[in-house]
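Notes for the structure review
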Amino acid sequence: MVEPDPEPMASGAGQRLGAPETLGISTLDPGHRPPAMPPGRQVTIRVRMLDDTEELFDISQKASGKMLFDLVCSQMNLIEGDYFGLEFQNHQKMMVWLDHIKPIIKQLRRPKHTILRFAVKFFPPDHAQLLEELTRYLFALQIKQDVSSGRLTCNDTSAALMVSHIIQSEIGDFEESQCRSHLLNNNYIPDQMPLIDKIMEFHSKNIGQTPAESDYQLLEVARRLEMYGIRLHPAKDREGTRLSLAVAHTGVLVFQGHTRINAFNWSKVRKLSFKRKRFLIKLRPDLNSSYQDTLEFLMGSRDCCKIFWKICVEYHAFFRLFEEPKPKPKPVLFTRGSSFRFSGRTQKQVIDYVKESEFKKIPFERKHSRVQHNSRVQHDIRLSPLPSPRHHEVPTETGAPGDRVDSPSRRHWKESVLVSAEDPSRTARASPSHQRNGHEDRAGSVSRTEERRGSTRQTQPEHLSSGVVSNSPHLSASSGHSHGMVNGQKSLELCSHSPDGRQPSPLTSPLLNDAGSVRTDDEDEVRRKRFPTDRAYFIAKELLTTERTYLKDLEVVTVSFQSAVGQDEATPESLKNTVLSTFEPLHKFHAGFLREVEQRLALWEGRSNAHIKGDYQRIGDVMLKNFQGLKPLTANLHKQSEVLLELEKACRGSRRLEGLCRDFELQKVCYVPLNVFILRPLHRLSHYKQILERLCKHYAATHVDFRDCRAALAEVSEVVEQLQGSLNKMENFQKLLELKKDLIGVDNLVVPGREFIRLGCLSKLSGKGLQQRMFFLFNDVILYTSRGMTATNQFKVHGQLPLHGMTIRESEDEWGVPHAFTLVGQQQSVVVAASSFAEMEKWMEDIQVGIETAKTSNGPSFDLLSSNLTDNKDPSPVSENKAPLVGPPSGQGPVPLSVICWYRVQSLSFSESCRSLENQLSGNLLRKFKNSNGWQKLWVVFTNFSLFFYKSHQDDYPLASLPLLGYSVTVPSESENIHKDYVFKLHFKSHVYYFRSESEYTFERWMEVIRSATVPSSGARVLNSKESHPH
């Protein structure tokens, strides 16, 4: 009896996807073979794949979970398998992840009756970090499952958009009757029927989009949703409120329903633990936070706590660590706590491994998942949801019906698939025409497979040399970019982030965490060579980056403020009209100016319109043309003071409007005080003047751009000179309004003639010793305060010292207190001590200037402000019966500079404050922490003594901020091993940050503006240093 041929291998997940047949295993290092299977009885494990098919794997019951997972990844030829895992329902009916270290027999009580689900375990913030197209396709299948099950909740528009990309990948280009029929026979989201028309509308816009592009765009939409990658774990807080906990790449999240109400970043979490049913989050001490040190949540059981704690440990290790944590040594006698640890490669190791290996260079072709059928095709035929590797047809099952396991979509895999598939008979694909009879001619299958491989090898070089990219995602319409721009710069070619080597979507950018995408040195060098190196180019680029930030700031007033405050009935019509008539024309003008600057920089860099000939390596002509067009808007610039006065007058007359403005300042988009945004147009003119002065200084007189730059400088200087007096007065007025919110017990602080000079921390000597007090120096009075015992960031006034008739003297020897000096007033004397000799000098100098001013003035003048803003009371700012002003809760809204000075024991003068606002700078920087290896690319804005960090310049609000008062800026020393160019270091006590710029010019500019905020210059601390006192 002749032994029959073995059953042909059915097409598995990897083959259905068209993955290369000879790849290795994702979790093994290059060149390593899988570990030998341990001896013992074999068990059959069922694994449900992401396409809902089931695969059978024979494995030793003594094998570890990692061996089974390697077997699954090998079967699919999956390189980046570390993002995935196997989950199953344990004996307590709870979904848990298969532990890679423990033996399978200890985790699965009844292996034959347990189904493991292959699923995405770690969701990165940016799908461009997934370097393999196969990985992105599997992520797309996971998103499809989450949307269908209702786990990934979103609004109707986002749901319809995602479904349109899904059906584009399945049936191809839009055809109305086919699309409608397909949607009627397939449900992708709950309650799909009302959205069919909207889905079809979106689908019609996807014509020409390949399946790979559809997967890319699907992930682009999904990653922006709040519930992306979120798995909720029910819990309660101490008050018994029902909540849900979740973990993400950023840290631990708290949800109420499907709304995120809190987040605890990994950098703020000191320890995660659980005790019985209680899940504990211990936070690092934070003076600016209102949270307790330890947060407690009650979960359903101890096992619920442990399951969630484990996934938190794994998420933290995968996204935050650079390598797999080492196992703890086993104790000799007693054990305490769990020995659980993360097992596997971290995200950084995965990215490095794929970049260094050769696997990514093997082409992968993504095909439509479903047959493009017509009306004659019966809809009851089951279509495979996974693409066939080289045909649009979907193959039927191989083997006789009797040979199939329970499900028609189930495969049986054994340990032998771990061996590299060198034998063509083992990996041969069955031709669809030979599969209909339930068997195939094996030799014919092999020859046809080899023919296909040969044809692929022949056509591939031709395809690559032609320069045609067919399977590459288009740029999203919402990106606002063309020419492959990322934050004003060319996208980096990070291996194969997108299909066939095209660069990733410009919308993607690393988040503000330690696990962001890491740029390599080679990429930096390539990028640096690709861009112009002329200093004038980087000066022009500074114009571009700061203009982007400025336009966003204008939108805070024209869009955000108008929608939040302007539409309310409490807002006077006069205020609405003044704001609209002032800012709308400016916004329209600068939007057009920004477009012209972007186009000129694109031509300068050679990124667009390459067929156009001409000398475009200049910017002066663009600036001259636009500044000449800015002259008619000079009246709008003069009205900035009118807007500020009108707003203050309206807030005084309406408590509701005052509350609306206060609530608006608590929004994320209002990252600096509202009044600062109103004065932005005046500050921007100073920025233009500084940029043109640098260009004129750089150019030779014979340069083609010199004449235009000089003419533009004359134009803008004329406008700046006209507005300078108004700007100085308005900056002082804005500062008084800001301080008015910071002080409790103050009445009539904003009076004509009063000018702010300095604020800061001094120690006041009393019977109880030295006590920290906050001092506010004006040109007629000194107020000393302390932090109020309230939930606000305000200071309570303790007393006032009029400057008229005051004298000042050093008294260190008299009292034995370092850096002490005495303020001798007509009614009382106060002894104070500064934190350093330099601080003492600054205070004594400024107080002396205030005393001299008080001698020569006849009291507050009425030239600065109109009298209708004051109550004609005595200008003394201290009121005994004034009700406390309501301020923002701690930790919300922009943190006042006075609070930062209090905690960091610093002082700040009015001239330094003005210089910080006028020295605004923005652009891309690479940031590195003290103990990290990688650099994260961020969009950084400097203003108001702080750095604000964004993912990209398109974001509406910052992710985080870093107040710079008290920080030192230096260049790293040799011992710090920062062997990079253009790196500067910020440090304050134990806090250290490194920032890396792209050129010598940008490095100098960042150092210059940050030093203006951290190193006060001598001679700049006088009252109104920019002009003599107007009174």
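Each value, and the rule that gives it
- Residues numbered from 1 in each chain as written.
- Predicted model: local features only at pLDDT ≥ 70, side-chain atom pairs only at ≥ 80, totals over all residues.
- Heavy atoms only, no water.
- Helix = DSSP H or I, 4+ residues; strand = E, 2+ residues; numbered from the N terminus.
- Contact = heavy atoms within 4.5 Å.
- Areas by Shrake-Rupley, 256 points an atom, 1.4 Å probe, with all protein chains shown as cover.
- Salt bridge = Lys/Arg side-chain N within 4 Å of Asp/Glu carboxyl O.
- Buried < 20%, exposed > 50% of the residue type's maximum accessible area, 1.4 Å probe, protein only.
- Pairing = 2+ DSSP bridges.
- pLDDT = per-residue confidence, 0-100.
- Expected span 1.5 Å × (residues − 1).
- Core = buried A, V, L, I, M, F, W, Y, C linked by side-chain atoms within 4.5 Å.
- Axes fitted to C-alpha atoms, helices over the stretch in contact; angles between N-to-C directions.
- Phe/Tyr/Trp six-rings, centres within 6.5 Å; stacked < 30°, edge-to-face > 60°.
- Lys NZ or Arg CZ within 6 Å of the ring centre and 35° of its normal.
- Patch = residues over 30% accessible without salt bridge, like charges linked within 9 Å, V, L, I, M, F, W, Y side chains within 5 Å.
- Lys, Arg positive; Asp, Glu negative; His and termini not counted.
- Charge placed at Lys NZ, Arg CZ, Asp CG, Glu CD.
- Parallel < 35°, antiparallel > 145°, perpendicular 65-115°, else oblique.
- Nonpolar A, V, L, I, M, F, W, Y, C, P; charged D, E, K, R; others polar.

So, the overall build of the protein chain
A tally of regular secondary structure across the protein chain gives 26 helices and 31 strands. Expressed as a percentage of contacts within the protein chain between residues at least 6 apart in sequence, the contacts between residues at least 24 apart total 67%. For the protein chain, the exposed surface amounts to about 46200 Å²; the carbon and sulfur share of it is 50%.

Considering the pattern of salt bridges
Per the stated rule, a full pass over the model turns up 42 salt bridges. With its nearest N and O atoms 2.6 Å apart, the salt bridge here joins E54 to R48. Using a relative accessible area of 7% as the deciding quantity, one classes E54 as buried. Residue class for R48 comes out partly exposed when judged on its relative accessible area of 29%. Note that R535 and E1004 form a salt bridge whose closest N and O atoms lie 3.0 Å from each other. Note that R535 is positioned in helix α13 (residues 535–566) and E1004 in helix α26 (residues 1000–1014), a separation of 469 residues in sequence. Of the residues examined, R535 reaches a relative accessible area of 33% and is grouped as partly exposed. Under the relative-accessibility criterion, E1004 is labelled partly exposed at 33%. Connected through salt bridges with shared partners, the residues E542, R694, R1005 and E1008 form a single ionic network.

Quick word on the pairing of strand β22 (residues 820–824)
Counted residue by residue, β22 has four buried out of five residues, so it is predominantly covered. As paired strands, strand β21 (residues 807–810) and β22 are joined by four bridges and run antiparallel to one another. Within β22, the residue paired with R809 across the bridge is T822. Pairing of β22 with strand β23 (residues 829–833), which is carried by five bridges, proceeds in the antiparallel orientation. Paired with V824 across the strands is S829, a residue of β23.

Things to note about the confidence of the model for the protein chain
Detailed reading of predicted coordinates is not advised where the pLDDT is low. With 70% of its residues at a pLDDT of at least 70, the protein chain reaches an overall mean of 74. Low pLDDT, under 50, characterises residues 608–613; the predicted model gives this stretch four contacts beyond four residues in sequence or across chains. In this model residues 1017–1031 is a low-confidence stretch, pLDDT under 50, and it forms 42 contacts with partners more than four residues away in sequence or in other chains.

Topic: helix α14 (residues 573–605)
Taking 1.5 Å of rise per residue, the 33 residues of α14 would be expected to cover 48 Å, and the 47 Å separating its terminal C-alpha atoms lies within 8% of that figure. G606 sits one or two residues past α14 and shows a positive phi near 75°.

Focus: the nonpolar core
Ranked by size, the top nonpolar core spans 125 residues in total, and within it I619, M623, L695, L947 and W1006 carry the most contacts. The contacts of L947, once residues within four sequence positions are left out, are V940, V941, F942, A960, S961, L962, L964, L986, F995 and W1006. Counting 99 residues, the second largest nonpolar core, distinct from the first, contains M76, F88, L218 and I311.

Here we look at the sheet that holds strand β27 (residues 946–950)
With respect to topology, seven strands assemble into an open sheet ordered β28-β27-β26-β25-β31-β30-β29, the strand pairing being antiparallel. Looking at which strands have only one partner, the edges of the open sheet turn out to be β28 (960–963) and β29 (968–970). In this sheet, neighbouring strand axes are inclined to one another by 35° on average, regardless of whether the strands run parallel or antiparallel. Across four bridges, the pairing between strand β25 (residues 921–929) and strand β31 (residues 991–996) is antiparallel. Its bridge partner lying in β31, L926 is registered against R996.

Quick notes on the packing of aromatic side chains
A full pass over the atoms with the stated rule returns 36 aromatic pairs. Taken together, a centroid distance of 5.6 Å and an interplanar angle of 20° make the contact between F984 and F995 stacked. Taken together, the positions of F984 in strand β30 (residues 983–988) and F995 in strand β31 put the pair eleven residues apart, joining distant regions of the chain. Look at F984 and you get buried, because its relative accessible area is 0%. Put simply, the rings of F69, Y83, F84, F118, F122, F123, F139, Y228, Y315, F318 and F319 pair up and form one aromatic cluster. Above the plane of the ring of F988 lies R904, whose end atom (NZ or CZ) is 5.1 Å from the centre.

Some words on a negative patch on the surface
Together, E810, E812, D813 and E841 line one region of the surface with negative charge. As for its position among the elements, E810 is in strand β21.

Focus on the pairing of strand β9 (residues 259–265)
The sheet contact formed by strand β8 (residues 251–256) and β9 spans six bridges and is antiparallel. Bridge pairing in β9 places L253 opposite A263. Connecting the antiparallel pair β8 and β9 is a turn made up of two residues, with G257 showing a positive phi of about 70°.

Some words on the packing of helix α17 (residues 640–653) against helix α18 (residues 655–665)
Between α17 and α18, the shortest axis-to-axis distance is 5 Å and the interhelical angle comes to 120°. In terms of their interaxial angle, α17 and α18 are classed as oblique. Judged by residue contacts, L647, A650, C651 and G653 of α17 engage R655, L657, E658 and C661 from α18. Counted by class, the contact of α17 with α18 contains five nonpolar, one polar and two charged residues.

Quick word on the environment of D293
If you trace the backbone, D293 turns up in the loop between β11 (278–283) and β12 (294–298). Linking D293 and V269, residues 24 residues apart in sequence, is a C-alpha distance of 9.6 Å.

What to know about the packing of α13 against helix α20 (residues 680–698)
The contact between α13 and α20 brings their axes to 10 Å, and the two run at 175°. One way to sum up the angle between α13 and α20 is to call them roughly antiparallel. Contact with α13, carried on its side by R535, A536, I539, E542, L543, T546, E547, Y550, D553 and L554, involves R680, P681, R684, Y688, I691, R694, L695 and H698 of α20 and no other residues of that element. Residues of the contact of α13 with α20, tallied by class, amount to nine nonpolar, two polar and seven charged.

Looking at unusual backbone geometry
With a phi angle near 60°, H819 is a residue other than glycine that sits in the positive phi range. Along the chain, the position of H819 falls in the loop between α22 (812–815) and β22. Backbone geometry places V905, a non-glycine residue, at a positive phi of 50°. Along the chain, V905 turns up in the loop between α24 (897–904) and β24 (907–909).

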